[in-house]
Amino acid sequence: MSADKLLETIFAGNLRELMVISYIVLGNNAVTTRYIERRFHMPVQAWSALYAIDKFPGIRAKEIRHLFPRPQNTISRAVSLLETRGFIVQKPSDSDGREKRLFATEAGTAVLADLIEVSRQRQEELLGPLSSEERAVFFELARKIATGPDLLRSAVMRS
């Protein structure tokens, strides 16, 4: 069976929405992750953590989970890698010396600028099949799912 026929069949099933979302996310991750790992020698979770740290100076590692839902140990390893490479620094919190706040360095900001630019180009490439009106609708619908109450929890998949 051809790849097109396989996709057509899976996208027509009773899990079609979940399958198309998974296919888009996994397909993009395959391209993006491979590029970032080869070009920048860091896993995608490290660059997303760097993005969060630059966007929110002083963010705590545990707060990054709210932006990029990943296990805490994955975020901790990403933070450690970024610190080792000199892309971020950790500073004690003013209110609690045990608590570490994260800040991007000049080197981190510079590498992030390259990552943002290539990601912006990838975004244009990925969303190329959509008109500007379709992009606006897609964004609003995707944002509605992302901010909905059941993205990160499930009543049917409790363990």
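Structure: above.
Computed from a prediction, not measured in an experiment: that's the story for all the values here.

Quick notes on the rules
For every chain, the first residue of its written sequence is number 1, and the numbers climb from 1 along that sequence. Side-chain atom pairs in this predicted model are given and counted only at pLDDT of 80 or more, local residue features only at pLDDT of at least 70, and totals for whole chains, interfaces and linings cover all residues. To obtain the side-chain values, all non-hydrogen atoms of the structure were used and water was disregarded. Each helix corresponds to a stretch of at least 4 residues labelled H or I by DSSP, and each strand to a stretch of at least 2 residues labelled E; elements are numbered beginning at the N terminus. The classification of residues rests on relative accessible area computed with a 1.4 Å probe and restricted to protein chains. Under 20% of the type maximum is buried, over 50% is exposed, and intermediate values are partly exposed. Here, residues are in contact when the closest pair of their heavy atoms is within 4.5 Å. Note on areas: Shrake-Rupley, 1.4 Å probe, and residue coverage restricted to the protein chains presented here. Charge counting treats Lys and Arg as positive and Asp and Glu as negative, with His and both chain ends excluded. By convention, charge coordinates are those of NZ in Lys, CZ in Arg, CG in Asp, or CD in Glu. The term salt bridge refers to a side-chain nitrogen of Lys or Arg lying within 4 Å of a carboxyl oxygen of Asp or Glu. The patches reported here contain residues having more than 30% relative accessible area and no salt bridge. Joining distances are 9 Å for like charges and 5 Å for nonpolar side chains (Val, Leu, Ile, Met, Phe, Trp, Tyr). Two aromatic rings from Phe, Tyr or Trp, using only the six-membered ring of Trp, form a pair when their centres are within 6.5 Å; if the ring planes differ by under 30 degrees the pair is stacked, by over 60 it is edge-to-face, and anything between is tilted. Take the buried residues of types Ala, Val, Leu, Ile, Met, Phe, Trp, Tyr and Cys, join any two whose side-chain atoms come within 4.5 Å, and each joined set is a nonpolar core. Orientation is described by axes fitted as lines to C-alpha atoms, over the contacting stretch for helices, and by angles from 0 to 180 degrees between their N-to-C directions. Here the angle decides the label: under 35 degrees means roughly parallel, over 145 means roughly antiparallel, 65 to 115 means roughly perpendicular, and every other value means oblique. In this classification, the charged set is Asp, Glu, Lys and Arg, the nonpolar set is Ala, Val, Leu, Ile, Met, Phe, Trp, Tyr, Cys and Pro, and all remaining amino acids, among them Gly, are polar.

**Student:** So what about the overall build of the protein chain? Which residues, and what values?
**Tutor:** From N to C terminus, the protein chain includes seven helices and two strands. Its helices and strands taken in sequence order, the protein chain reads α-α-α-α-α-β-β-α-α from the N to the C terminus. Based on the C-alpha atoms only, the size of the protein chain along its principal axes is roughly 55 × 40 × 30 Å. Here the protein chain holds 159 residues, and 23% of them are scored as buried. Within the protein chain, contacts between residues at least 6 apart in sequence are counted, and of these 48% link residues at least 24 apart. Carbon and sulfur atoms make up 58% of the accessible area of the protein chain, which amounts to about 11,400 Å² in all. Here the protein chain carries 23 positive and 19 negative side-chain charges, and the mean point of each set is 6 Å from the other.

**Student:** Now, about the pattern of salt bridges: what can you tell me, with residues and values included?
**Tutor:** According to the stated counting rule, one finds nine salt bridges in the structure shown. The salt bridge partner of Glu-17 is Arg-16, with a shortest N-O separation of 3.6 Å. Between Arg-120 and Glu-117 there is a salt bridge; the shortest N-O distance is 2.8 Å. Separated by three residues within a single helix, Arg-120 and Glu-117 lie in helix α6 (residues 106-126), roughly one turn from each other. Residue Arg-120 is classed as partly exposed on the basis of its relative accessible area of 41%. Judged by its relative accessible area of 34%, Glu-117 falls in the partly exposed class. Taken together, the shared-partner salt bridges in this structure form one network comprising Arg-60, Glu-63, Glu-99 and Arg-101.

**Student:** Go over a nonpolar patch on the surface, please, and point to the residues and values.
**Tutor:** Together, Val-20, Ile-21, Ile-24, Val-25, Leu-126, Ile-145, Leu-151 and Leu-152 make up a nonpolar patch on the protein surface, roughly 680 Å² of accessible area in all. Top element by residues in the nonpolar patch is helix α2 (residues 16-40). It accounts for four residues. On the secondary structure map, Ile-145 appears in helix α7 (residues 132-146).

**Student:** Please give an account of the packing of aromatic side chains that cites residues and values.
**Tutor:** Under the definition given, this model contains three aromatic pairs. With a centroid separation of 6.4 Å and 70° between ring planes, the pair formed by Tyr-35 and Phe-40 is classed as edge-to-face. Judged by relative accessible area, Tyr-35 falls into the partly exposed class, the value being 36%. Each ring, one from Trp-47 and one from Tyr-51, has its centre 6.1 Å from the other, and the planes form 70°; the classification is edge-to-face. Pair noted here: Trp-47 and Tyr-51 are both in helix α3 (residues 44-55), with a separation of four residues, about one helical turn.

**Student:** Residues and numbers for the nonpolar core, please.
**Tutor:** Counting 23 residues, the largest nonpolar core has Met-42, Ile-64, Leu-82 and Leu-102 as its most contacted members. Of all the secondary structure elements, the ones that give two or more residues to this core are α2, α3, α4 (61-67), α5 (72-84) and α6. Here this core gets seven residues from one element, more than from any other, and that element is α3. When sequence neighbours within four positions are dropped, the list of residues in contact with Leu-82 reads Met-42, Ala-46, Ala-49, Leu-50, Ile-53, Phe-87 and Ile-88.

**Student:** Residue-level account of the packing of α3 against α5, with values.
**Tutor:** α5 packs onto α3 with a crossing angle of 75° between their chain directions and a minimal axis gap of 9 Å. If you check the angle between α3 and α5, you find them roughly perpendicular. Between α3 and α5, the contacting residues are Gln-45, Ala-46, Ala-49, Leu-50 and Ile-53 on the first element and Thr-74, Ala-78, Leu-81 and Leu-82 on the second. Here the contact of α3 with α5 is built from residues that sort into seven nonpolar, two polar and no charged.

**Student:** Describe the side chain of Thr-33, naming the residues involved and giving the relevant values.
**Tutor:** Looking at the element boundaries, Thr-33 is found in helix α2. Take Thr-33: its relative accessible area is 19%, and that puts it in the buried class. Look past the residues within four positions of Thr-33 in its chain and what remains in contact with it is Asn-28 and Val-44.

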